Amino acid sequence: MDEFPYVLLVEGQWDPKLKNKITIYFQSKNKSGGGNCVVELDAEGRKGTVRFKDEEVRQRVLQKQNHELKTGQQTVKMTVSLPPSDVSNVKESTSSVNKPPAAPILHTEASDITKRKADSCSALQHSTLDHKKPKLLGEPKSEDNEEVKATEEEDDGTRRQAVIENIQNSTQDFLQMLVENVLKGTPAELNDFNIEVIQESNCAVVTFSCNKDTENFILSGSCYSVIKKKQMRVRILETTLKVKAEALPFNINSDLLMLYFEKFGDVEDNMVVSEKEHSAIITFKDPAVVHAVIKSQHAIKSQHVLKKQPFRVLPYYESLQTALYGKNRPSLKLPETLTENIDPTIWCHLNKNKKSMDLINKAMSTSFCKLDFGSPDVKITPLPSLLQQGGQTRKLIQSWRENTSSLFSESISRFKSFELLVQKDAWSEIEPEIQKAVAAVPVTLVPNIVQGAMAVVGLKEDVTSIESDLKEIVERITQKIQRETGSVTDNIDMPPSIHQLIVCHGLKQQILNKFPEMEINYHENNKKLTLYGLRNEVLETKNAILQDVVNLIRRPVEVHQSVLDFLHNSDLEKMTKSLFFTKGIDASLEPDGDRVLLIGKTESDIKDGQLQLKTELGHLSFDVEDAGVLTRLDWQDLISNIKNKESGVTIQTTVKQVLISGFAQDIHGVEKQLRDFVIENSNIEKTLKAHKTVIKFIKRHRTKDWLEDVKGKVNVQFKDETIVIDGPRLHVSQYVPLFEKLLTSTHHCVFKVAKPGAKKYFKEKESMWAPIAKNDMDCLVELVDEDDHLAPVKPKIKSVYEFKTPDGVEITVNKADICLFKVDAIVCGSNEALLLDGGLAKALSNADDKLQDACDQVGTRKKLTISDAIVLDAGGRLLCKHIIFALAPHYRPNYQNAVSLLGKTVRKSLNLADQENCQSVAIPAIGSGAFGFPPDLCAETIVKSIKDFCEIIGGNFVTKQIHLVDNNDTTVQAFQAAVQKIYGVSASSNQQQGQSQASSSQSQASSSQSQVHRPLATPQGSSPSIQTKEGLTITLKTCNIEDTTMDVVVNTLSSDLNLGVGAVSNALLKAAGPQLQVLVNQQATAPVNIGTVIVTAGANLKNKLVFHAVAPHYNQGKGNEQKVLENIIDECLNQAEQRQQKSIVFSAIGTGNLGFPKQVVIGSMLDLTLKFSSKRGTRNVQEVAFALHPQDAQTIQVFTDEFNKKFAIQPASANNPTQQTISGPFSKVTTVSGVHGTTVGGIKFQVLSGDITAEKTDVIVNSTNKDFTLKAGVSKAILEKAGPNVEAECQQLGTQPNKGYIMTQAGNLQCKKIIHIAAQSNAVHIEKLVKRALEKCAKEKFTSISFPAIGTGQGGLSPGQAADAMMDAVVNMVGQSPQSSLKLIRIVIFQAPMLNDFYKSMQNREYTIKQKDSTLYSRIKTYVSNVTSFLTGSWEKEVRQHGGKDFVIEGIKIVPACFSICGPTPAAVDKTKKFLEEMITPDHVFQKITDTAILSFSDKDQQRIQDMQSTLDVSIRLEYKAKKGSDDSSGVATLIVEGLSRDVLIASHEIQDMLKRAKEDEILKKDIEHVGELVEWQYEQAGQYKSFDPRTNFELEKALGGGATDIKISIQGQDYKVKLPEGPAVSTTGGNQVNIRRIDKLKATESIPQHWSPMNNKDLFQGFILKTTDPEYNDVLTRFRATCPNNNVSKIERIQNPGMWKNYQNNKCVMELKNGHQNNEKRLFHGTSEQTINHINKSGFNRSYAGKNAAAYGNGTYFALNASYSANNTYSVPNAQGQKHMYLCRVLTGDYTRGNGGMIVPPPKNTTTADLYDTVVDNQAAPTIFVVFRDDNAYPEYLITFT
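As the structure is a computational prediction, the values presented were derived from the model and not from experiment.

> Any chance you could explain empty space enclosed by the protein here in plain terms?
Any empty space left between atoms is shown by rolling a water-sized probe over those atoms. Tallying each qualifying case throughout the model produces 2 cavities of 30 Å³ or more. Of the volumes computed, that of the second largest cavity is approximately 30 Å³. As for the second largest cavity, its lining consists of Gly1273, Lys1276, Ala1277, Glu1280, Asp1818, Asn1819, Ala1822 and Thr1824. The class makeup of the residues in the lining of the second largest cavity is 2 nonpolar, 3 polar and 3 charged.

> I'm lost on the pattern of salt bridges in this one. Help?
Opposite charge on two side chains allows them to pair when their charged atoms are near. Per the counting criterion, the structure on display carries 56 salt bridges. Between Glu165 and Arg233 there is a salt bridge, with its nearest N and O atoms 3.1 Å apart. Taken as a pair, Glu165 in strand β8 (residues 161-165) and Arg233 in strand β11 (residues 233-236) lie far apart in primary sequence, 68 residues in all. Looking at Arg233, the relative accessible area reads 48%, which means it is partly exposed. With a shortest N-O distance of 2.8 Å, Lys760 and Asp1543 are connected by a salt bridge. Placement of Lys760 in helix α27 (residues 758-777) and of Asp1543 in helix α49 (residues 1541-1574) is noted, with a sequence separation of 783 residues between them. Exposure remark for Lys760: the relative accessible area of 25% places this residue in the partly exposed category. With a relative accessible area of 4%, Asp1543 lands in the buried category. Through salt bridges with shared partners, a single network forms among Lys1708, Glu1721, Arg1723, Arg1786 and Glu1837.

> How should the side chain of Thr746 be read in this particular structure?
Within the element layout of this structure, Thr746 appears in the loop between α26 (729-745) and β36 (747-753). Here Thr746 falls in the buried class, since its relative accessible area comes to 9%. A distance of 2.6 Å separates a polar atom in the side chain of Thr746 from the backbone oxygen of Leu742. Ignoring sequence-local partners within four residues, the contact set of Thr746 consists of Val694, Phe697, Ile698, Arg702, Cys1462 and Gly1463.

> Explanation requested: unusual backbone geometry in the structure shown.
The omega angle of the peptide bond from Leu1620 to Pro1621 is 15°, so this bond is cis rather than trans. Its location among the elements puts Pro1621 in the loop between β71 (1614-1619) and β72 (1625-1627). Here Ala247, not a glycine, exhibits a phi torsion of approximately 60°, which is positive. Despite not being glycine, Leu834 has its phi angle at roughly 55°, a positive value. On the secondary structure map, Leu834 appears in the loop between β40 (825-830) and α28 (839-847).

> I tried to follow the packing of aromatic side chains on my own but got confused; where do I start?
Note on aromatic pairs: each is described by the distance of the centres and the angle between the planes. Considering all chains together, one arrives at 34 aromatic pairs under this definition. Aromatic pair Trp1701 and Tyr1835: ring centres 5.2 Å apart, planes at 80°, arrangement edge-to-face. Taken together, the residues span a long stretch of sequence, with Trp1701 in helix α53 (residues 1698-1715) and Tyr1835 in strand β83 (residues 1834-1842) at a distance of 134 residues. Grouped by ring-pair contacts, the aromatic residues Phe751, Tyr761, Phe762, Trp769, Phe1459 and Phe1475 constitute a single cluster. Lying across the ring of Tyr1585, Arg1637 places its NZ or CZ 4.0 Å from the centre.

> What is the right way to read a positive patch on the surface from this model?
Together, Lys1299, Lys1328, Arg1332 and Lys1339 make up a region of like positive charge exposed at the surface. Of note, Lys1339 is situated in helix α42 (residues 1323-1339). Taking the relative accessible area as the measure of exposure, Lys1339 reaches 64% and is therefore exposed.

> How should I be thinking about the nonpolar core in this particular structure?
For soluble globular proteins, the rule of thumb is that nonpolar side chains tend to be buried together. Judged by nonpolar contacts, the single largest core of 43 residues is most densely connected at Phe1245, Phe1347 and Phe1398. Take this core: its biggest share by element is 9 residues, from helix α43 (residues 1359-1376). For Phe1347, the residues in contact, after removing those within four places along its chain, are Ile1252, Val1261, Ile1317, Val1330, Ala1333, Leu1334, Met1366, Ile1385, Arg1386, Ile1387 and Val1388. Ala869, Ala898, Cys918 and Val943 belong to the second-largest nonpolar core, a separate cluster that totals 42 residues.

> Hey, could you run me through the confidence of the model for the chain in this one?
Detailed reading of predicted coordinates is not advised where the pLDDT is low. Averaged over every residue, the pLDDT of the chain is 82; the share at 70 or more is 87%. Across residues 90-158 the pLDDT falls below 50, and counting only partners more than four positions away or on other chains, this stretch makes 57 contacts in the model. Between residues 790-795, whose pLDDT stays under 50, and residues either more than four places distant or in other chains, the model counts 10 contacts.

> Explain the packing of helix α31 (residues 935-953) against helix α32 (residues 969-982) to me, please; I cannot follow it from the model alone.
When two helices pack together, their arrangement is given by the angle between the helix axes and by the axis-to-axis distance. Direction vectors running N to C along α31 and α32 enclose 45°, while the axes themselves pass 8 Å from each other. With respect to α32, the element α31 is oriented oblique. Considering how the two elements wind past one another, α31 and α32 form a crossing that is right-handed. Of the residues in α32, those touching α31 at Pro935, Asp936, Ala939, Glu940, Ile942, Val943, Lys944 and Lys947 are Thr970, Thr971, Ala974, Phe975, Ala978, Val979, Lys981 and Ile982. Of the residues contributing to the contact of α31 with α32, the split by class is 9 nonpolar, 2 polar and 5 charged.

> Before we go on, may I ask you to explain the side chain of His1108 in this structure?
Tracing the backbone shows His1108 in strand β50 (residues 1105-1110). Here the side chain of His1108 touches Asn1051 through a polar contact of 3.2 Å, side chain to side chain. With sequence-adjacent residues up to four places away left out, His1108 is seen in contact with Asn1051, Leu1053, Leu1059, Leu1076, Val1080, Thr1092, Val1093, Ile1094 and Thr1096.

> What am I meant to see in a nonpolar patch on the surface here?
Judged by side-chain polarity, Ile1800, Val1801 and Leu1812 come together as a nonpolar surface patch covering roughly 260 Å² of accessible area. Relative to the assigned elements, Ile1800 resides in the loop between β80 (1792-1794) and β81 (1815-1817). Residue classification places Ile1800 among the exposed residues on the basis of a relative accessible area of 59%.

> It is not clear to me how the sheet that holds strand β42 (residues 882-887) should be interpreted in this structure. Could you clarify?
Two orientations exist for strands paired in a sheet by backbone hydrogen bonds: parallel and antiparallel. Taken in spatial order, the 7 strands line up as β38-β39-β44-β43-β40-β42-β41 in an open sheet, and their pairing is mixed. Of all strands in the sheet, those bounded by a partner on one side alone are β38 (801-804) and β41 (869-873). The average angle at which neighbouring strand axes cross in this sheet is 20°, direction not considered. Here 4 bridges tie strand β43 (residues 920-923) to strand β44 (residues 961-966), and the two strands are oriented parallel to one another. Bridging across to β44, Ala922 finds its partner in His963. Running over the sheet, helix α29 (residues 851-861) touches β41 and β42 and is turned about 135° from β41. Seen against the sheet, helix α30 (residues 897-915) touches β40, β41, β42, β43 and β44 and runs at an angle of roughly 155° to β42.

> Could you clarify how one ought to interpret helix α50 (residues 1590-1601) in this entry?
Residues lying three or four places apart along an α-helix face the same way, a consequence of the helix completing one turn every 3.6 residues. A rise of 1.5 Å per residue sets the reference length of α50, with its 12 residues, at 16 Å; its end C-alpha atoms lie 16 Å apart and thus fit the reference within 8%. Along α50, the residues that are buried comprise Thr1592, Asn1593, Phe1594, Leu1596, Glu1597 and Ala1599. Structurally, α50 contributes buried residues whose contacts are with α49, β68 (1575-1581), β70 (1606-1611), β71 and β74 (1636-1640). After α50 finishes, the residue Gly1603 shows a positive phi value of roughly 80°.

> I'm lost on the sheet that holds strand β37 (residues 780-784) in this one. Help?
The 3 strands lie next to each other as β36-β64-β37, forming an open sheet whose pairing is antiparallel. Bordering the open sheet on either side are β36 and β37, each of which pairs with just one other strand. The average undirected angle you get between the axes of adjacent strands in this sheet is 25°. Where β36 and strand β64 (residues 1457-1463) come together, 7 bridges link them in antiparallel fashion. Paired with His747 across the strands is Gly1463, a residue of β64.

> Is there a simple way to explain the state of the cysteines in this structure?
Here is the idea: a disulfide is a covalent bond, and it sits between the sulfur atoms of two cysteines. Under the counting rule described, the total for this entry stands at 0 disulfides. Its sulfur unpaired, Cys918 is 9.4 Å from the next cysteine sulfur, which belongs to Cys880. Lacking any disulfide linkage, Cys1462 is separated from the closest cysteine sulfur, that of Cys779, by 8.1 Å. Overall, Cys1462 belongs to the buried group, its relative accessible area being 0%.

Quick notes on the rules
- Residues numbered from 1 in each chain as written.
- Predicted model: local features only at pLDDT ≥ 70, side-chain atom pairs only at ≥ 80, totals over all residues.
- Heavy atoms only, no water.
- 1 Å grid on protein atoms, 1.4 Å probe; cavity = no way out; pocket = protein on both sides within 12 Å on 5 of 7 lines; lining within 4 Å.
- Points joined across faces, edges and corners; volume = space filled by probe spheres on them.
- Nonpolar A, V, L, I, M, F, W, Y, C, P; charged D, E, K, R; others polar.
- Salt bridge = Lys/Arg side-chain N within 4 Å of Asp/Glu carboxyl O.
- Helix = DSSP H or I, 4+ residues; strand = E, 2+ residues; numbered from the N terminus.
- Buried < 20%, exposed > 50% of the residue type's maximum accessible area, 1.4 Å probe, protein only.
- Polar contact = N/O pair within 3.5 Å; in protein donor to acceptor, adjacent residues only side chain to side chain.
- Contact = heavy atoms within 4.5 Å.
- Phe/Tyr/Trp six-rings, centres within 6.5 Å; stacked < 30°, edge-to-face > 60°.
- Lys NZ or Arg CZ within 6 Å of the ring centre and 35° of its normal.
- Patch = residues over 30% accessible without salt bridge, like charges linked within 9 Å, V, L, I, M, F, W, Y side chains within 5 Å.
- Areas by Shrake-Rupley, 256 points an atom, 1.4 Å probe, with all protein chains shown as cover.
- Lys, Arg positive; Asp, Glu negative; His and termini not counted.
- Charge placed at Lys NZ, Arg CZ, Asp CG, Glu CD.
- Core = buried A, V, L, I, M, F, W, Y, C linked by side-chain atoms within 4.5 Å.
- pLDDT = per-residue confidence, 0-100.
- Axes fitted to C-alpha atoms, helices over the stretch in contact; angles between N-to-C directions.
- Parallel < 35°, antiparallel > 145°, perpendicular 65-115°, else oblique.
- Left-handed = near helix turned anticlockwise from the far one by under 90°.
- Pairing = 2+ DSSP bridges.
- Expected span 1.5 Å × (residues − 1).
- Disulfide = S-S within 2.5 Å.

Written as structure tokens, this is what we have:
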């Protein structure tokens, strides 16, 4: 900052953003007194420093008292001060400095000049003026000062100028010569000068090259004769302080311009800027600065322009009011002449009226112009004086045309002209009158005879005053002449009725009042109205009449079409007169195409006319059943006669109807005459319906009751389920009751015999049994299908009114027979005794003959009272499922309680329907009829009760359709009115609703499914689908979305547009290929927002388009995420429609990682799809599908339930009785490589046996105590493997408050964290803790977790309890947090036997849909949870899984034999039923077959048993009786064969054959197993001997025992012939030989293992390196890598020491005898050093070395369960090459207990015996370390070398 050394401190309150403005303020000399400076402000905006370049500038700023900076409406006040270090120096400096002198001012006073002029004139040659020494005003007149100043002026170089005033248009040449003459003879004569003429100021400025020339010109010019003569004046041009800047940039900022000029010197604040001229006038304080500014080149930056723009600066003089340009002064010119066009009549007036002309000239006198009125195109020329207006000249010139034109227009506007139209023949009369009228007014008349007009012109006020008078004169004279010259005639076509309505009702009088001489006449013969009068009167009258005609109100006649036809065929004029005019009604009729219009003047007339039509006219009709009667000739004659007699009637006939219309007084007689004729002469047909067996019975068995009566009178046809009677009406009407009586008197029932073979047996015996039933019981028996006994398909019932309540319940009103309604329940009014003896109850009883019996049974069990309701199952011919009998009260006028009781009855009935899950109910007018309720009161009570019940239940009401049904019109109307009244629905609005609903439900009104959206018929098990009333199909699909073929597939992706994230998105990307990602990136050219939908092509997908939606995360409903999701769905649907796609498929958007509740998503999807279906204008999209992943069972369940609920679809299990749905949260459980797996809510769940410390999940859970310090079982293993740091962390966190669990670091484990749970022996507590662990894992965003079997160790829980608790916790957590980050949950069980309990618990939660198969063996699936069945042959396992309990598995479902029986009486029918039972039962037998071999039937046998049930028509049932106290297969299995005796015999024989084969197979199996235990045959392959399969092993041994020399066998699919006893085996094709050998296992147990390699007899031990391809090698390697996956194995050697082996085997046999069991041996690891290998191989282990490596549990030899423990460098000591060694040993662990340090032998098993434990361990419950105290109890079987 050395360049700016002078500092001031600044204080104030400012925004740091104002730094630039503060800098400009202190740089402005004008504002702050400052100049060039640098400003520094602190960040808080309170203090700062200003550094100046000059001390003088700093002093100026310091001396200014107030510093203020204005920014908008805010003023920033600042104070400045010196820094403390400068205060003393400044004081000394300021005291010694004198105040600077005033600026010198050149003396130019007028007295001085005058004096010099006088001196010059008297003695110019003796002048004493010294031009080199001008005086300074206020300065002492010393020669020295004058010389100094003169010198300064000379050095300054400025030129002085003189002004010649009043030049009077002198030319440039004249002025040039004038100046030269003035200077002639002076020293300035030869000097240069120039003249700038300022024409507008009438002066010129002469600029000389030096000041002396200027003074000479002033002195000489004042006396020059020419100047005096022309009265010119000369003066010196004053020194100016102003400059004019021209050509400034556009929109230059004044502050910026001020700052620009301040850099030259001090500037006054009065700068004037002209934006129009792009110029500014700047005033400086020092004239010397002006000179410097003018000499400089100038350029400045403007707004929005980076480059500086040049401009020029000129001196500006106030006395001249202009700047001086020198030689380049722009010249001034007069504007062009202006032409203004005026009205010719006004122009004429001005030329004739001097006064008006003077007004114009006076008004224009201020515009420096001259007017030329030689024509209407007035020329306005500018005067030369315009150029002599001083400083205003330029502005006046620029605005002259605009101002002059405006002023001229304003002057002309004071005048007005209007025309009077004068007819040619009236001119002579009108003109004198006009001239006389205007004589006293200063206006001008301008006649134009050719055009028939006269203009009146003058000042506005004059013309306006006489205008109306003149027009009246013209009109009066014109009418007079027109009437004298003649009138005109005009006609209007008008019907008489219209003439009567318009003219005769007042209009004619109104016209005559206005035009008294007008003639109006109507001619009725030609229907014309004639007008005669003046043309304009006639025209006006005609217009008035026609307007009245137009204004008549016309309405189409609202009558029946037949009446309308009658009117069309009549004379409407006569009809009008007789119907309306004669009755005083002002209305008429008029044809209008197919319509007839009623015409009147007012709405009242129309109303009266319409009423009159309805009163006087009418129509009647009747149906014609026999169309042939209308073709008869006598019918045609009758019609003709009636038409001739009755003119007021029209008769119309159609195929099925006769219609009579006309005058009401005439049509009744005609209708009766025609109807009687039709009735007497037409044929009709009546159809009666019944069961087909009943029809046959009447036809065959009751012939005598009808045949003779109807013969020759009617035709009777018997069809399947109908009796058709046709013939003359009288006869048909006579015999229909006869057949109806026969039908009702016939008794019919369907008798079912559910016994195997019954149907087949009847078919065989039908020819014998049917005649017996006919002859003995007079009954007809037929064998029918099971469903044939149902009533015929009901007719379609169309509701007369429909309404949907706010709760979604559809209420319909129907006129129909309620018995024909196929609904879930029918409500029927009943008495307290439940006697079905009348009305609806009787009709229901007739349709179901068992109904009364059921009612009687209820009556005996329970006493019923009024308002009670009961429900019974329906049967017989009824189409409903249930009958609800409602005990209605009797109505009495004064008995108010009856209404409340009736309402209570209805509500109870609805409640019963809800309990029975009835989705549709039909209700009659309960309480009307015999109960006495008036129809309207009854209907209102029922509807109000329905509404009250729905409001109480709310949306939980199962019933979705309530049908109000009655056959009586009055009751039906009462029902409709009640619904409208109770629900507050207007008739008109609900009519529309009813029509729209009816259009979509023309089928069965009582269907239990939705009538608006039709479920589509789909195969069993296929995807549910519905079709909306608009034709849009909506489907749920269980499939992979990437395999769909819909036109559009909707994908969800995150805002980063990465398709690899998310299950759906990733699946689509894999199927479509990387091109799909490219397409997405191309479409998204800018960052996308949540809710955006990106459309791309489908790439390799089968879909045409992909809609990629950026969906939001769910925030528990706190934000607008659901609205955004709905907008996405809506946008996708609309986009598909706009793009004309036919189908679109969605995934379950948002239900995965985004966290939306599944119910919310499917609800929104279905609602929006239905809205889309109803609102869209086009119909491009035909199907909308929702694809659900097959493994996401929970989502499938939720979506399917919501779908079925939305559209009232019965689930498959409800519609199909053979299907059972078992709902569970788990998907199907699968087992792969010993791992049981499933999914729950999209999370993988696995259960397996293993070591939890080897898990690699993100989190491992430890089961510990409440202090988190347990060192036993799983906890000990985890803590020891994790290391001491984790143990210390547990101790620390255990002392702090916790919720039963803590989380620590992982230590040495392969997970990320460990969660320690304080487990207890309480299943509920364990469930809570497991759930908390899962929630903690999800909160920390972990993706995987492993649990042990919590609570099964020291907790004491059974494995099943622990499994249920843990899995319940998993299900609850997933259900409550579906958006969890968890992807994998594992339960790792150390003790393998527990695995089965956990597996069963998984299966119990499995989501399955199982068929209730009616076959014998498939029914096993119902009882056994494991995937085994009778067909697998593993019945022993099935029995064990039943836990030793009895069970029965039924055979195939028996299709009963259904007999349709008809007879004359119930007794006859019952007798027939009994007869059939007696015939069938004796030959129906069953056979029991009991044998244990049943449990081992082969697959083929089981299939044969299943086939026999169908082919032989028998039933085979399995019964199992378990042996008490046993869960093995020691129970009794029995097959029960039931059917016809011969069929049972055949089946039994075949089953016995199966049993024989099964026993033989069982014996063979046991023989094979027994031989396998004794002998093992092997074959050599690649140097290794491999065992034959058990069957081949048995065949070889059998052949050898039988003395055979050879036998054919198969080795690896090839046939070989083996030579016995020692081989070889020779291939039958190719001759290949294979060595075989026989091993006697009994001997082998006493010697070395058979798989050992041969040894030299002299060798005591030897190691053999195993090949990596050997199974033996792979088995050892697998055990090693189970816990040491990262170690590299160099080699594996088998250690063969026969002596040590035999000793070990002997010890094993002894231990098995001692312990009483064989579970004494384990495969364990032992790490060692290279130096000890040879000793161990030769002599075995030596416990004397105990303590060398570790002896924490006793002084014995240590072995580890896990190779990772022995691989520690402490035990497996590396050699020089880094190789380590470890043995896999066989160790006799026997019975063990926990060891302690210092033990030399195991402790005793109890205090009462000397029997010791065999070994000790680290943890008795879950041991991992074993200590052996006998060296020969371990054999070093394999040596592993590894790194």
